[in-house]
Protein chains: 2
Amino acid sequence: MAERMVVIGGDAAGMAAASQARRRRDRADLEIVAFERGHFTSYSACGIPYWISGLVPERDQLVARDPATFREKFDIDVRLRHEVTAIDLDRREVLARDLDGGGEVRAGFDTLVYATGAVPLQPDWARGGIDGVFGVQTLDDGTALRQWLERDPRPRHAVVVGGGYIGVEMAEALIQRGLTVDLVEQADQPMSTVDPDMAELVADAMRGIGIGIRTGRTVTGLTERDGRIAAVVTDEGPVPADVVVLGLGVRPNTALAEAAGLPIGPSGGIRCDRRMRVPGVPGVWAAGDCVETLHRVSGMPVHIPLGTHANKQGRVAGINIGGGYATFPGVIGTAVTKVCDLEVGRTGLRERDAGAAGFEFVSVLTESTNRAGYYPGAQPMTVKLIAERPSGRLLGAQIVGRSEAAKRIDTLAVALWNGMTVDEMTALDLGYAPPYAPVWDPVLIAARKAVDALAAAGR
Amino acid sequence: MAERMVVIGGDAAGMAAASQARRRRDRADLEIVAFERGHFTSYSACGIPYWISGLVPERDQLVARDPATFREKFDIDVRLRHEVTAIDLDRREVLARDLDGGGEVRAGFDTLVYATGAVPLQPDWARGGIDGVFGVQTLDDGTALRQWLERDPRPRHAVVVGGGYIGVEMAEALIQRGLTVDLVEQADQPMSTVDPDMAELVADAMRGIGIGIRTGRTVTGLTERDGRIAAVVTDEGPVPADVVVLGLGVRPNTALAEAAGLPIGPSGGIRCDRRMRVPGVPGVWAAGDCVETLHRVSGMPVHIPLGTHANKQGRVAGINIGGGYATFPGVIGTAVTKVCDLEVGRTGLRERDAGAAGFEFVSVLTESTNRAGYYPGAQPMTVKLIAERPSGRLLGAQIVGRSEAAKRIDTLAVALWNGMTVDEMTALDLGYAPPYAPVWDPVLIAARKAVDALAAAGR
C-alpha cells in the first residue's frame, strides 16, 4: 500500500515539496494530498503589487501552477479552500475543514509537510473589520483590494501603513492607479531594510513621484464613516483615507504547529534541520515562510519570509522525502526591490545588524556608474559595503541605482556567501565592457574603498 | 636625492602604476617619468567601437585622464609621442625617441614599469600599406579609421576580418554608421570566445541586423585600386571593400623586453610574480596587455588582454612600488560584450578549454527569463554551465540574453572564483523580485540542471 504524504499549505514551499517528492516516487509508492485554505496554489505573492498597479493585467498570470496542473501532471490531490484545523501526531492524521462545503475531513499521513506560510502582523487597531482595510499577503487579499479599488465611488486617497518592501511597492502601485497616497511609518524612514543613508535615497525617489511620506508616526486607530474607512489615526492626528493597505510585516503562521507541539525557535519560526526535517518529530517536515533558518553571516536563527527561500526549502524537503539528498544551508539576507525609478539591493547585515551580532566593522559608501561614464545611459550607482575589522571579511552590502543596480547585489552576495574579504574582492575578475560597467566595476570600487577604510582605521 | 621610476607605456596599466606609486610616495622621494609613443594617455580602447559608431560623440570622452592631469594632479612627467627603443638593464636606463621632434632621450631609472600593451596580429597579407586598412588597437588607430570613414568619396562597404569581440563590435559599429558590412572569419562561427551553441545565437543576431557573415574563409590577400583598398581576397574568392578593419587578435608587445632579456612565458607574455615584479630582474615590473597571468581554473599561464586586468595589475604594481602590499592573483576569463540586441557573458573555461586542460565535465544549456515570466519586458536568457565530474565544481559559464544578461555572469564568476560546486550553487541566496528575476534565478535553474546532469552521468 502506498504511503501518504500530507501537505498543509498549497503555495510555493508546500507544492515544491510535493512536486519534488513526486518526481522521485510514483503514485503506487506515495499518495500526496495538499490542503490549501485559499483559492489558489503556487502563486507569486511578490507579484501582487504589479497586478494591483495594472502592470500585470491578469490575476491568473501570477499563478505559476494551478490545481488542475498538479492533479493531472503530478498526480497530487490538491484540496483548495480546505483549512487544516488540527494535527494529531499520535494518530498521525490531520483534521481539515471545507471552507465552502462546511464538512470536515480527516487524513492520515506517513509524512507531513508543514508549509502554512506567514500571517500579517495585525495590531489591535486593525482588527475592527472596517471595510476598505486590506492586507496584501495572499492572492485572496489582493483580489479583495482590487475589487475595492474598482467599486463606485472609486477610492481616491490611500494610506499605506508600514514602509517595508510591500508597503513601498504598494504605495507606488496605488500612485500608478491614479490614487493619491500617504505612507505612514513609525520609524524615521521608510525602507529600513537598508541603512538610513541608503534609505534616504529611496525616500527621495518616493517623494519624487508624489508619495506623502509621514515618518515617526504611530498609528493608534482607524475611523470609519458608514462602515467604510475614513481615516488612519496617528499620534500626530488623522490621515484621511478611503482605502488602507497594511504592510506591517508578517510572522510565521505557527498556530497549528504550536498546538501540535512542534518546536518553535527564537525567531518565532518552526525549527528545522538542514534537510528541513522538524527535529525530534519523525516524518514531519516544514518549509517556507513558517520556518526559521540560519543566517550564515550572524550565525543566528532568523525568520525571512521570501518566495525564493520557500521554493528552495520546499524543494529540499521534497527531494529528501523522495529518497534523495539535499540540504538548505541557510540564508544571507539578500533582497532586491524596485522603488519608483530606483533599484535597491541588499545582502548580509546592515550596520545595526552587524553591531547587534557583535562585529566590529567599517562601512563605506561609494558613488560610481552602472556603465562606462562616456557610454550613453550611464546612471549613478551607490554601493555601500560593511566589512569586519580587522579581518576585512565582508559582512553586508547595499546598492541603490537607476539601472542594472539591483542584481549587482548578487555579485556581492556570492562573495559574502563564500566569506571573502574586501581585499580579496578587489581582485575579482568581473565582466567589463563599456555598455555594462566602468573599467572598475562599482563593486570593485567599493571593495577598494573598504580596504582603504580598514587601513585608515588601523585595521 | 629622489629615486626615479620610468614607465614605458602611458595607457591603463602604466598610468595606474604611476598614480598608485605617487599616492604613496611624493615627488621628493620618487620622480616619475612615463613614455607613451601615441598621442593619448589612459584611454578606453574598449570604447573605440562606440566612438566609431557615433554613439559616443567625442573622442576625448574616451580619455580617462589626459597628460595635463597627470602632470598637474599627480606630478608625473608624461612624454607623449616618445617611443622607448631600448632598455639597458646594466646601466639602468632607457633610450627613447621623440617621434615628432626626432631627438633621442636617455632616462635612468631605479624602478622600471614595462607596460607596452599588445600589438595586433598582422599576417603577411596585411603588411602592404594599402590605404583604407585599419586596426583598432589604439586611439590613434581609431582616429585614422574615423578620418577615412569621413573622407569623400565615403566608404560604403566594409569588410571586418576576424570575428572576436573587437571584430563583432566593429561590424555592428559600421552598420550603425550606415555602411554595409561583411565579416570574414576563418572558423565556422564568429564569437568563438563562447562555445558554438552559444555563438550561434550571436551569429543569428548579427545576421538580423544585416551583417554578412562569411565563415570558414581564409584571407589570402588584399587587392587595391589606385592605392586604395578594393577587396579582401579569400580562398573562396574576393569580398569587395572600400574599408577594411582588422580584428585578428593581438599578441603581447614584448620586443623591447625580449631584447633586454626579460623572461617571456609560454603564452608569449612577460612573466611576473604575484606582485607584478619581473622575476630575477630587480626593480623591474610589468603590467597590462604585455604580461601573462595565471588562469585560476586551468592553472595555466594565459595572455588575456583586457582593460580591467591592465588596471588591476598596474594598481598592484604601483602599490608595491609605493611601499604597500598588493597581489594580483590571476584571472578566470570573465568577459562581457554587447552584440546587436544581445548581451553576452562568459567566465572560466569553454568546453574546448576544459577538455584541453584535462577535465572531465558535463555541460548543460538552460532557457529561462531575466524577470518573472509575467512581468512586462521579460526576455529569454540562455545560460550554459560546465561542471567537472564527478566533483561538480564549476569550470565555466556562458550567458546570452537580451536584457540584464551580461552582468549576471559576475554572479557565476564569483562562484567560480571561490571554487563552488553546482550543488552548492543551487542554495545561493540571490536577489529575487519580479522586475529582476524569476523566483528561481536563471543562474539557479542552470545549477539545478547541472546537478541533474551529473546524476544522470553517474557523476
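Residues numbered from 1 in each chain as written. Chains lettered and ligands numbered in written order. Predicted model: local features only at pLDDT ≥ 70, side-chain atom pairs only at ≥ 80, totals over all residues. Heavy atoms only, no water.

Looking at an unreviewed UniProt entry, chain A carries the name NADPH-dependent 2,4-dienoyl-CoA reductase, sulfur reductase, with the source organism given as Micromonospora auratinigra. Here is the UniProt Cofactor (unreviewed entry) comment for chain A, exactly as written: "FAD". Under the Sequence similarities (unreviewed entry) heading, UniProt states for chain A: "Belongs to the class-III pyridine nucleotide-disulfide oxidoreductase family." (UniProt positions renumbered as here; feature names shortened; annotations may be inferred.)

1. A closer look at the overall build of chain A
When you go through chain A residue by residue, the secondary structure sums to 12 helices and 25 strands. Computed over its C-alpha atoms, the radius of gyration of chain A comes to 23 Å, within 12% of the 23 Å expected for a compact globule of 459 residues. Across its three principal axes, chain A shows a C-alpha extent of roughly 65 × 55 × 40 Å. Counting all 459 residues of chain A, 59% fall into the buried class. For chain A, long-range pairs separated by at least 24 residues make up 63% of all intrachain contacts whose partners lie at least 6 apart in sequence. Here chain A displays about 17000 Å² of accessible surface, and carbon together with sulfur accounts for 47% of that area. Charge centroids of chain A, computed over 50 positive and 58 negative side chains, lie 3 Å from each other. (Helix = DSSP H or I, 4+ residues; strand = E, 2+ residues; numbered from the N terminus. Rg over C-alpha atoms; globule rule 2.2 N^0.38 Å. Buried < 20%, exposed > 50% of the residue type's maximum accessible area, 1.4 Å probe, protein only. Contact = heavy atoms within 4.5 Å. Areas by Shrake-Rupley, 256 points an atom, 1.4 Å probe, with all protein chains shown as cover. Lys, Arg positive; Asp, Glu negative; His and termini not counted. Charge placed at Lys NZ, Arg CZ, Asp CG, Glu CD.)

2. Here's the deal with the packing of aromatic side chains
For the coordinates displayed, the defined rule picks out 8 aromatic pairs over all chains. Relative to Y375 of chain B, the ring of Y50 of chain A lies with its centre 5.1 Å away and its plane at 80°, an arrangement referred to as edge-to-face. Of this pair, Y50 of chain A sits in helix α2 (residues 48-53) while Y375 of chain B sits in the loop between β23 (361-369) and β24 (380-388), on two different chains. Judged on exposure class, the residue Y50 of chain A and its partner Y375 of chain B are both buried. (Phe/Tyr/Trp six-rings, centres within 6.5 Å; stacked < 30°, edge-to-face > 60°.)

3. Thoughts on the interface of chain A and chain B
At the junction of the two partners, chain A supplies 58 residues and chain B supplies 58 residues. Carbon and sulfur atoms supply 62% of the area buried between chain A and chain B, which totals about 5300 Å² over both sides. Considering only the side of chain A, the residues that lose the most area to chain B are Y374, D429 and Y436 of chain A, jointly responsible for 16% of the buried surface there. At the boundary of chain A and chain B, one finds 4 salt bridges. The salt bridge involving R23 of chain B is made with D452 of chain A; its shortest N-O contact spans 3.6 Å. Counting the contacts that link chain A with chain B gives 22 residue pairs in polar contact (both at pLDDT 80 or more). Those elements giving two or more residues to the side of chain A that touches chain B turn out to be α1 (12-24), α8 (307-321), β21 (335-339), β22 (342-348), α10 (409-417) and α12 (442-456) of chain A. (Buried area = accessible area lost by both parts, 1.4 Å probe. Salt bridge = Lys/Arg side-chain N within 4 Å of Asp/Glu carboxyl O. Polar contact = N/O pair within 3.5 Å; in protein donor to acceptor, adjacent residues only side chain to side chain.)

4. Focus on the UniProt feature "domain: FAD/NAD(P)-binding" (unreviewed entry) in chain A
Sequence positions flagged by UniProt for "domain: FAD/NAD(P)-binding" (unreviewed entry) are, in local numbering, residues 4-304 of chain A. Secondary structure within residues 4-304 of chain A divides into 23% helix and 30% strand; the distance between the first and last C-alpha atoms comes to 30 Å.

5. Remarks on the relation of the copies chain A and chain B
Mapping chain A onto chain B calls for a rotation angle of 180° and an axial translation of 0.0 Å; the resulting RMSD is 0.0 Å. On this basis, the relationship between the two copies can be described by a two-fold rotation axis. When C-alpha distances to the rotation axis are compared across chain A, the minimum falls at T411 of chain A, with a value of 2.3 Å. When the interface residues of chain A are mapped onto chain B, 100% of them again fall at the interface, so both copies present the same face. (Least-squares fit on C-alpha atoms with pLDDT ≥ 70 in both.)

6. Focus: the sheet that holds strand β13 (residues 219-225) of chain A
Residue and element names in this part refer to chain A. Pairing is antiparallel in the open sheet, where 3 strands are placed in the order β13-β14-β15. Of all the strands in the sheet, the pair left with one neighbour each is β13 and β15 (237-240). The average angle at which neighbouring strand axes cross in this sheet is 30°, direction not considered. (Pairing = 2+ DSSP bridges. Axes fitted to C-alpha atoms, helices over the stretch in contact; angles between N-to-C directions.)

7. Observations regarding the UniProt feature "domain: Pyridine nucleotide-disulphide oxidoreductase dimerisation" (unreviewed entry) in chain A
Mapped onto the present numbering, the UniProt feature "domain: Pyridine nucleotide-disulphide oxidoreductase dimerisation" (unreviewed entry) falls at residues 336-438 of chain A. From the first C-alpha to the last, residues 336-438 of chain A spans 22 Å; its make-up is 18% helix and 36% strand.

8. Regarding the packing of α10 of chain A against helix α10 (residues 409-417) of chain B
Two numbers describe how α10 of chain A lies on α10 of chain B: the axes approach to 8 Å, and their chain directions differ by 15°. Comparing their axes, α10 of chain B and α10 of chain A come out roughly parallel. When you trace α10 of chain A past α10 of chain B, the crossing you get is right-handed. Across the interface between the two elements, D410, T411, V414 and A415 of chain A from α10 of chain A touch D410, T411, V414 and A415 of chain B from α10 of chain B. Here the contact of α10 of chain A with α10 of chain B is composed, by residue class, of 4 nonpolar, 2 polar and 2 charged. (Parallel < 35°, antiparallel > 145°, perpendicular 65-115°, else oblique. Left-handed = near helix turned anticlockwise from the far one by under 90°. Nonpolar A, V, L, I, M, F, W, Y, C, P; charged D, E, K, R; others polar.)

9. Considering the domain arrangement of chain A
All names here are of chain A. Its domain assignment divides chain A into domain 1 (3-38 + 45-119 + 251-321), domain 2 (122-248) and domain 3 (335-453). Using only C-alpha atoms to locate each centre, domain 1 and domain 3 end up separated by 35 Å. Facing the 5 residues of domain 1 at the interface are 8 residues of domain 3. Counting across the interface, domain 1 meets domain 3 through 0 salt bridges. One can count 0 residue pairs in polar contact (both at pLDDT 80 or more) joining domain 1 with domain 3. Here the side of domain 1 that touches domain 3 is composed, by residue class, of 2 nonpolar, 2 polar and 1 charged. (Domains from an automatic or database assignment.)

10. Digging into a negative patch on the surface
Residue and element names in this part refer to chain A. Taken together, the side chains of E58, D60, D66 and E72 make up a negatively charged region of the molecular surface. Examined against the element boundaries, D60 turns out to sit in the loop between α2 and α3 (67-74). Residue D60 is classed as exposed on the basis of its relative accessible area of 56%. (Patch = residues over 30% accessible without salt bridge, like charges linked within 9 Å, V, L, I, M, F, W, Y side chains within 5 Å.)

11. Quick notes on α3 of chain A
Residues and elements named next belong to chain A. If you check which residues of α3 are buried, you get P67, F70 and F74. Along α3, the residues classed as buried sweep out an arc of 85° about the axis, all on the same side. Opposite its buried face, α3 presents the exposed residues E72 and K73, each directed more than 90 degrees away. Structurally, α3 contributes buried residues whose contacts are with α1 and β3 (77-80). (Arc of directions from axis to C-beta.)

12. Focus on the pattern of salt bridges
Any two side chains of opposite charge can pair if their charged atoms end up close together. Residues and elements named next belong to chain B. Counted under the stated rule, the structure contains 62 salt bridges over all chains. With a shortest N-O distance of 2.9 Å, R214 and D182 are connected by a salt bridge. Here D182 lies in strand β11 (residues 180-185) and R214 lies in strand β12 (residues 212-215), a separation of 32 residues in the sequence. One salt bridge connects R459 with D423, and the closest N-O pair in it is separated by 3.0 Å. With a gap of 36 residues between them, R459 in the segment after α12 (442-456) and D423 in helix α11 (residues 422-425) connect regions that are remote in the sequence. The class for R459 is partly exposed, based on a relative accessible area of 28%. When its relative accessible area of 29% is taken as the criterion, D423 is described as partly exposed.

13. Structural notes on the sheet that holds strand β4 (residues 82-88) of chain B
Across a sheet, paired strands are connected by hydrogen bonds in the backbone, their directions being either parallel or antiparallel. All names here are of chain B. A sheet is described by the order of its strands in space; here 3 strands give the open sequence β4-β5-β6, paired in antiparallel fashion. Each edge of the sheet is formed by a strand with only one pairing partner; in this case those strands are β4 and β6 (104-108). Across the sheet, the axes of successive neighbouring strands diverge by a mean angle of 25°, strand direction being ignored. Here 6 bridges tie β4 to strand β5 (residues 93-98), and the two strands are oriented antiparallel to one another. Bridge pairing links D88 to E93 in β5.

14. A few points about unusual backbone geometry
Looking along the chain, the bond that leaves R389 of chain A and enters P390 of chain A is cis, with omega of 5°. Tracing the chain through its elements places P390 of chain A in the loop between β24 (380-388) and β25 (394-401). Residue D152 of chain B is joined to P153 of chain B through a cis peptide bond whose omega torsion reads -5°. Tracing the backbone through its elements, the reader meets P153 of chain B in the loop between α4 (139-149) and β10 (157-161). For D75 of chain B, which is not glycine, the phi torsion reads 55° and is therefore positive. Within the secondary structure, D75 of chain B sits in the loop between α3 (67-74) and β3 (77-80). On the basis of relative accessibility, which here comes to 31%, the residue D75 of chain B falls in the partly exposed class.

15. Quick notes on the packing of α1 of chain A against α8 of chain A
Geometry of a packed helix pair, given as the angle between the helix axes and the separation of the axes. Residues and elements named next belong to chain A. The interhelical angle for the contact between α1 and α8, taken along N-to-C directions, is 30°, at an axis separation of 7 Å. For the element pair α1 / α8, the angle class is roughly parallel. Remark: the crossing between α1 and α8 carries right-handed chirality. Judged by residue contacts, A12, A13, A16, A17, Q20, A21 and R24 of α1 engage A310, N311, G314, R315, A317, G318, I319 and I321 from α8. Its residues placed into classes, the contact of α1 with α8 shows 9 nonpolar, 4 polar and 2 charged.

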